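Chain by chain, the residues run as shown.
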Amino acid sequence: MTLEQDWDELARLDPLWSILSFPDKRLGRWDEQEFLATGRAQVERHLAHGRALGHPQGHGAALDFGCGVGRLAPALSDAFGSYCGLDISEEMVAQARRLHATRSNCTFVGGGGAVLDRLPERSFDLVFTLYVLQHVPRRTTITSYVRSFVRLLRPEGLAVFQLPEHIPPAEKLLYDARRAAYLGLQRAGAPSAFLHRALRLSPMVMNFVPEAEVVAAVGDVGGVVLDVERVPGGMAIRDRTYYVTRGG
Ligand SMILES: C[S@@+](CC[C@H](N)C(=O)[O-])C[C@H]1O[C@@H](n2cnc3c(N)ncnc32)[C@H](O)[C@@H]1O
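First, a word on what this report is: a plain description of the structure on this page. In this text, all values refer to a predicted model and were calculated from it rather than measured experimentally. (Residues numbered from 1 in each chain as written. Predicted model: local features only at pLDDT ≥ 70, side-chain atom pairs only at ≥ 80, totals over all residues.)

Here we look at the packing of helix α1 (residues 3–13) against helix α5 (residues 90–99)
Phase 1 of the analysis: Between α1 and α5, the least distance of the axes is 7 Å, while the angle of their chain directions is 40°. The angle between the axes of α1 and α5 places the two elements in the oblique class. The residues of α5 that touch α1, namely those facing Trp7, Asp8, Ala11 and Arg12, are Glu90, Glu91, Met92 and Gln95.
Phase 2 of the analysis: Taken together, the residues of the contact of α1 with α5 break down into three nonpolar, one polar and four charged. (Axes fitted to C-alpha atoms, helices over the stretch in contact; angles between N-to-C directions. Helix = DSSP H or I, 4+ residues; strand = E, 2+ residues; numbered from the N terminus. Parallel < 35°, antiparallel > 145°, perpendicular 65-115°, else oblique. Contact = placed C-beta atoms within 7 Å. Nonpolar A, V, L, I, M, F, W, Y, C, P; charged D, E, K, R; others polar.)

Right, here's the structure in full:
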(Lines give C-alpha, C1' and ligand atoms only; values in the text may rest on other atoms or scores of the structure.)
Protein backbone atom coordinates (compact mmCIF):
# COMPACT_ATOMS: atom_id res chain seq x y z
CA MET A 1 0.00 0.00 0.00
CA THR A 2 1.24 3.50 -0.79
CA LEU A 3 0.66 6.46 1.48
CA GLU A 4 -1.94 7.75 -0.99
CA GLN A 5 -3.81 4.45 -0.82
CA ASP A 6 -3.67 4.43 3.00
CA TRP A 7 -5.28 7.86 3.17
CA ASP A 8 -7.81 7.11 0.44
CA GLU A 9 -8.87 4.10 2.44
CA LEU A 10 -9.11 6.10 5.68
CA ALA A 11 -11.14 8.72 3.82
CA ARG A 12 -13.60 6.04 2.72
CA LEU A 13 -13.76 4.23 6.08
CA ASP A 14 -14.02 7.06 8.60
CA PRO A 15 -12.87 10.42 7.17
CA LEU A 16 -13.58 12.80 10.04
CA TRP A 17 -12.23 10.47 12.71
CA SER A 18 -9.06 9.82 10.68
CA ILE A 19 -8.51 13.59 10.69
CA LEU A 20 -9.34 14.24 14.35
CA SER A 21 -9.00 10.89 16.06
CA PHE A 22 -10.94 11.51 19.27
CA PRO A 23 -11.80 8.04 20.69
CA ASP A 24 -15.50 8.87 21.14
CA LYS A 25 -15.82 10.02 17.51
CA ARG A 26 -14.72 6.76 15.90
CA LEU A 27 -17.00 5.09 13.33
CA GLY A 28 -18.66 8.19 11.94
CA ARG A 29 -19.64 9.79 15.25
CA TRP A 30 -18.38 13.30 14.43
CA ASP A 31 -21.12 15.85 13.89
CA GLU A 32 -19.99 17.74 10.78
CA GLN A 33 -20.68 21.22 12.20
CA GLU A 34 -18.92 20.41 15.46
CA PHE A 35 -15.98 19.05 13.46
CA LEU A 36 -15.74 22.20 11.33
CA ALA A 37 -16.01 24.39 14.45
CA THR A 38 -12.80 22.82 15.80
CA GLY A 39 -11.02 23.99 12.65
CA ARG A 40 -12.32 27.52 12.94
CA ALA A 41 -11.23 27.77 16.57
CA GLN A 42 -7.74 26.48 15.78
CA VAL A 43 -7.22 28.75 12.78
CA GLU A 44 -8.42 31.80 14.71
CA ARG A 45 -6.08 31.04 17.58
CA HIS A 46 -3.01 30.51 15.36
CA LEU A 47 -3.74 33.58 13.23
CA ALA A 48 -4.17 35.71 16.36
CA HIS A 49 -0.79 34.52 17.56
CA GLY A 50 0.71 35.30 14.15
CA ARG A 51 -0.80 38.80 14.30
CA ALA A 52 0.82 39.32 17.70
CA LEU A 53 4.13 38.38 16.04
CA GLY A 54 3.44 40.84 13.19
CA HIS A 55 2.80 38.25 10.43
CA PRO A 56 1.63 37.70 7.80
CA GLN A 57 1.67 41.21 6.42
CA GLY A 58 -0.42 40.35 3.35
CA HIS A 59 -3.68 38.39 3.21
CA GLY A 60 -3.80 37.40 -0.45
CA ALA A 61 -3.21 33.66 -0.72
CA ALA A 62 -3.22 30.79 1.79
CA LEU A 63 -2.00 27.23 1.32
CA ASP A 64 -3.36 24.44 3.56
CA PHE A 65 -0.94 21.52 3.21
CA GLY A 66 -2.64 18.16 3.87
CA CYS A 67 -6.09 19.76 3.93
CA GLY A 68 -8.11 16.55 4.36
CA VAL A 69 -11.80 17.32 3.90
CA GLY A 70 -11.07 21.03 4.43
CA ARG A 71 -11.69 21.33 8.17
CA LEU A 72 -9.62 24.53 8.16
CA ALA A 73 -10.96 25.86 4.85
CA PRO A 74 -13.86 28.04 6.10
CA ALA A 75 -11.74 30.08 8.51
CA LEU A 76 -8.73 30.33 6.18
CA SER A 77 -10.82 31.30 3.16
CA ASP A 78 -12.58 33.98 5.24
CA ALA A 79 -9.24 35.46 6.31
CA PHE A 80 -7.43 35.28 2.92
CA GLY A 81 -8.31 36.30 -0.62
CA SER A 82 -7.77 32.79 -1.93
CA TYR A 83 -7.35 29.39 -0.32
CA CYS A 84 -5.66 26.34 -1.81
CA GLY A 85 -6.00 22.97 -0.06
CA LEU A 86 -3.50 20.34 -1.14
CA ASP A 87 -3.82 16.69 -0.14
CA ILE A 88 -2.17 13.42 -1.10
CA SER A 89 -5.55 11.64 -1.05
CA GLU A 90 -7.84 12.20 -4.04
CA GLU A 91 -10.68 10.81 -1.95
CA MET A 92 -10.13 13.49 0.75
CA VAL A 93 -9.94 16.14 -1.98
CA ALA A 94 -13.21 14.93 -3.54
CA GLN A 95 -14.96 15.15 -0.16
CA ALA A 96 -13.47 18.62 0.49
CA ARG A 97 -14.78 19.85 -2.87
CA ARG A 98 -18.28 18.59 -2.04
CA LEU A 99 -18.24 20.03 1.48
CA HIS A 100 -17.09 23.51 0.44
CA ALA A 101 -18.68 23.76 -3.01
CA THR A 102 -20.20 27.17 -2.26
CA ARG A 103 -16.88 28.80 -1.26
CA SER A 104 -15.78 30.34 -4.54
CA ASN A 105 -12.27 31.32 -3.35
CA CYS A 106 -11.37 27.73 -2.38
CA THR A 107 -9.45 25.34 -4.62
CA PHE A 108 -8.63 21.76 -3.66
CA VAL A 109 -5.77 19.99 -5.39
CA GLY A 110 -4.71 16.36 -5.23
CA GLY A 111 -1.05 15.50 -4.68
CA GLY A 112 1.58 15.03 -2.03
CA GLY A 113 4.68 16.94 -1.06
CA ALA A 114 6.12 16.67 -4.58
CA VAL A 115 3.53 19.22 -5.69
CA LEU A 116 5.11 21.76 -3.32
CA ASP A 117 8.18 21.88 -5.56
CA ARG A 118 6.05 22.69 -8.59
CA LEU A 119 4.34 25.70 -6.99
CA PRO A 120 5.95 29.06 -7.73
CA GLU A 121 8.30 30.39 -5.07
CA ARG A 122 7.01 33.27 -2.93
CA SER A 123 3.39 32.70 -3.86
CA PHE A 124 1.63 32.43 -0.48
CA ASP A 125 1.10 34.83 2.41
CA LEU A 126 0.26 31.90 4.64
CA VAL A 127 1.32 28.27 4.61
CA PHE A 128 -0.59 26.30 7.23
CA THR A 129 -0.46 22.66 8.21
CA LEU A 130 -1.87 20.76 11.18
CA TYR A 131 -1.60 17.01 11.86
CA VAL A 132 0.09 16.20 8.55
CA LEU A 133 3.88 16.22 8.94
CA GLN A 134 3.60 13.71 11.79
CA HIS A 135 2.14 11.20 9.33
CA VAL A 136 5.07 11.41 6.87
CA PRO A 137 7.25 8.30 7.23
CA ARG A 138 10.75 9.74 6.66
CA ARG A 139 12.29 12.55 8.69
CA THR A 140 14.31 13.80 5.72
CA THR A 141 11.08 14.16 3.74
CA ILE A 142 9.50 16.14 6.57
CA THR A 143 12.41 18.59 6.74
CA SER A 144 12.36 18.94 2.94
CA TYR A 145 8.66 19.95 3.21
CA VAL A 146 9.60 22.49 5.88
CA ARG A 147 12.16 24.01 3.48
CA SER A 148 9.49 24.12 0.76
CA PHE A 149 7.10 25.97 3.09
CA VAL A 150 9.70 28.72 3.54
CA ARG A 151 10.39 28.92 -0.21
CA LEU A 152 6.67 29.28 -0.92
CA LEU A 153 6.25 32.22 1.45
CA ARG A 154 5.98 35.76 0.21
CA PRO A 155 8.30 38.16 2.05
CA GLU A 156 6.92 38.76 5.56
CA GLY A 157 4.46 35.90 5.07
CA LEU A 158 3.78 33.32 7.77
CA ALA A 159 4.17 29.57 7.90
CA VAL A 160 2.42 27.83 10.79
CA PHE A 161 3.14 24.15 11.10
CA GLN A 162 2.60 21.60 13.85
CA LEU A 163 4.92 18.65 14.36
CA PRO A 164 5.79 16.54 17.42
CA GLU A 165 9.39 16.81 18.48
CA HIS A 166 9.40 13.55 20.41
CA ILE A 167 7.17 10.50 20.83
CA PRO A 168 7.99 8.21 23.76
CA PRO A 169 9.33 4.86 22.46
CA ALA A 170 6.49 2.79 23.95
CA GLU A 171 3.89 4.98 22.24
CA LYS A 172 5.78 4.96 18.92
CA LEU A 173 6.01 1.17 19.12
CA LEU A 174 2.25 0.95 19.58
CA TYR A 175 1.58 3.08 16.47
CA ASP A 176 4.12 1.07 14.45
CA ALA A 177 2.64 -2.24 15.65
CA ARG A 178 -0.92 -1.14 14.79
CA ARG A 179 0.22 -0.15 11.31
CA ALA A 180 2.24 -3.36 10.77
CA ALA A 181 -0.71 -5.50 11.90
CA TYR A 182 -3.12 -3.59 9.64
CA LEU A 183 -0.89 -3.96 6.58
CA GLY A 184 -0.04 -7.60 7.34
CA LEU A 185 -3.67 -8.65 7.78
CA GLN A 186 -4.70 -6.66 4.74
CA ARG A 187 -2.10 -8.48 2.63
CA ALA A 188 -3.56 -11.72 3.95
CA GLY A 189 -6.94 -10.68 2.55
CA ALA A 190 -8.73 -9.16 5.58
CA PRO A 191 -11.20 -6.42 4.57
CA SER A 192 -10.15 -2.90 5.62
CA ALA A 193 -13.54 -2.18 7.20
CA PHE A 194 -13.11 -5.19 9.50
CA LEU A 195 -9.57 -4.09 10.47
CA HIS A 196 -10.77 -0.56 11.24
CA ARG A 197 -14.12 -1.31 12.86
CA ALA A 198 -13.64 -4.60 14.68
CA LEU A 199 -9.89 -4.71 15.38
CA ARG A 200 -9.39 -0.91 15.68
CA LEU A 201 -6.18 -1.09 13.65
CA SER A 202 -4.93 1.76 11.50
CA PRO A 203 -2.37 2.19 8.72
CA MET A 204 -1.49 5.69 10.00
CA VAL A 205 2.22 6.45 10.39
CA MET A 206 3.17 8.50 13.47
CA ASN A 207 6.47 10.35 13.32
CA PHE A 208 8.42 13.22 14.91
CA VAL A 209 11.44 15.43 14.26
CA PRO A 210 13.59 16.99 17.00
CA GLU A 211 13.11 20.75 17.26
CA ALA A 212 16.76 21.51 16.47
CA GLU A 213 16.48 19.72 13.10
CA VAL A 214 13.34 21.68 12.20
CA VAL A 215 14.92 25.00 13.15
CA ALA A 216 18.02 24.10 11.10
CA ALA A 217 15.85 23.28 8.05
CA VAL A 218 14.11 26.67 8.31
CA GLY A 219 17.48 28.44 8.55
CA ASP A 220 18.90 26.50 5.55
CA VAL A 221 16.60 28.39 3.19
CA GLY A 222 16.69 31.79 4.84
CA GLY A 223 13.61 31.40 7.03
CA VAL A 224 13.29 32.94 10.48
CA VAL A 225 11.59 31.15 13.38
CA LEU A 226 9.40 33.76 15.07
CA ASP A 227 8.12 31.49 17.81
CA VAL A 228 7.70 27.85 18.82
CA GLU A 229 4.73 26.83 20.94
CA ARG A 230 5.73 23.93 23.13
CA VAL A 231 3.33 21.44 24.66
CA PRO A 232 5.37 19.98 27.52
CA GLY A 233 5.83 16.25 27.11
CA GLY A 234 6.68 14.38 30.26
CA MET A 235 5.74 10.83 29.37
CA ALA A 236 3.57 11.92 26.43
CA ILE A 237 4.09 13.23 22.90
CA ARG A 238 5.92 16.58 22.92
CA ASP A 239 4.08 18.64 20.36
CA ARG A 240 5.41 21.79 18.70
CA THR A 241 3.86 24.51 16.57
CA TYR A 242 6.33 26.61 14.60
CA TYR A 243 5.71 30.19 13.41
CA VAL A 244 8.10 31.03 10.60
CA THR A 245 8.62 33.92 8.20
CA ARG A 246 11.07 34.96 5.54
CA GLY A 247 12.50 38.38 4.85
CA GLY A 248 12.50 40.19 1.51
C1 LIG B 1 -4.91 13.91 10.12
S2 LIG B 1 -5.36 14.58 8.57
C3 LIG B 1 -5.33 16.34 8.89
C4 LIG B 1 -6.17 17.13 7.90
C5 LIG B 1 -6.17 18.65 8.12
N6 LIG B 1 -4.84 19.19 8.11
C7 LIG B 1 -6.88 19.03 9.39
O8 LIG B 1 -6.22 19.43 10.35
O9 LIG B 1 -8.09 18.94 9.40
C10 LIG B 1 -3.91 14.36 7.60
C11 LIG B 1 -4.11 14.67 6.14
O12 LIG B 1 -2.83 14.79 5.52
C13 LIG B 1 -2.86 14.16 4.26
N14 LIG B 1 -1.46 13.78 3.95
C15 LIG B 1 -0.72 12.81 4.53
N16 LIG B 1 0.52 12.80 4.01
C17 LIG B 1 0.55 13.79 3.08
C18 LIG B 1 1.56 14.27 2.18
N19 LIG B 1 2.77 13.73 2.14
N20 LIG B 1 1.22 15.29 1.35
C21 LIG B 1 -0.01 15.85 1.39
N22 LIG B 1 -1.00 15.42 2.20
C23 LIG B 1 -0.72 14.41 3.04
C24 LIG B 1 -3.81 12.99 4.44
O25 LIG B 1 -4.35 12.54 3.23
C26 LIG B 1 -4.86 13.60 5.37
O27 LIG B 1 -5.92 14.18 4.66
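Remarks on the site of the ligand
Phase 1 of the analysis: As a structural note, the neighbourhood of the ligand is formed by 20 residues, with Trp7, Gly66, Gly68, Arg71 and Ile88 the closest of them.
Phase 2 of the analysis: Considered class by class, the residues forming the shell around the ligand number eleven nonpolar, seven polar and two charged. (Near = placed C-beta within 6 Å.)

Topic: unusual backbone geometry
Phase 1 of the analysis: Going from His55 to Pro56, the amide bond is cis rather than trans, its omega being 0°.
Phase 2 of the analysis: Inspection of the secondary structure puts Pro56 in the loop between α3 (32–52) and β1 (61–65).
Phase 3 of the analysis: A positive phi is found at Leu27, a non-glycine position, where the angle reads about 60°.
Phase 4 of the analysis: Overall, Leu27 belongs to the exposed group, with 11 C-beta atoms counted inside 10 Å. (Buried ≥ 20, exposed ≤ 12 C-beta atoms within 10 Å, placed from the backbone.)

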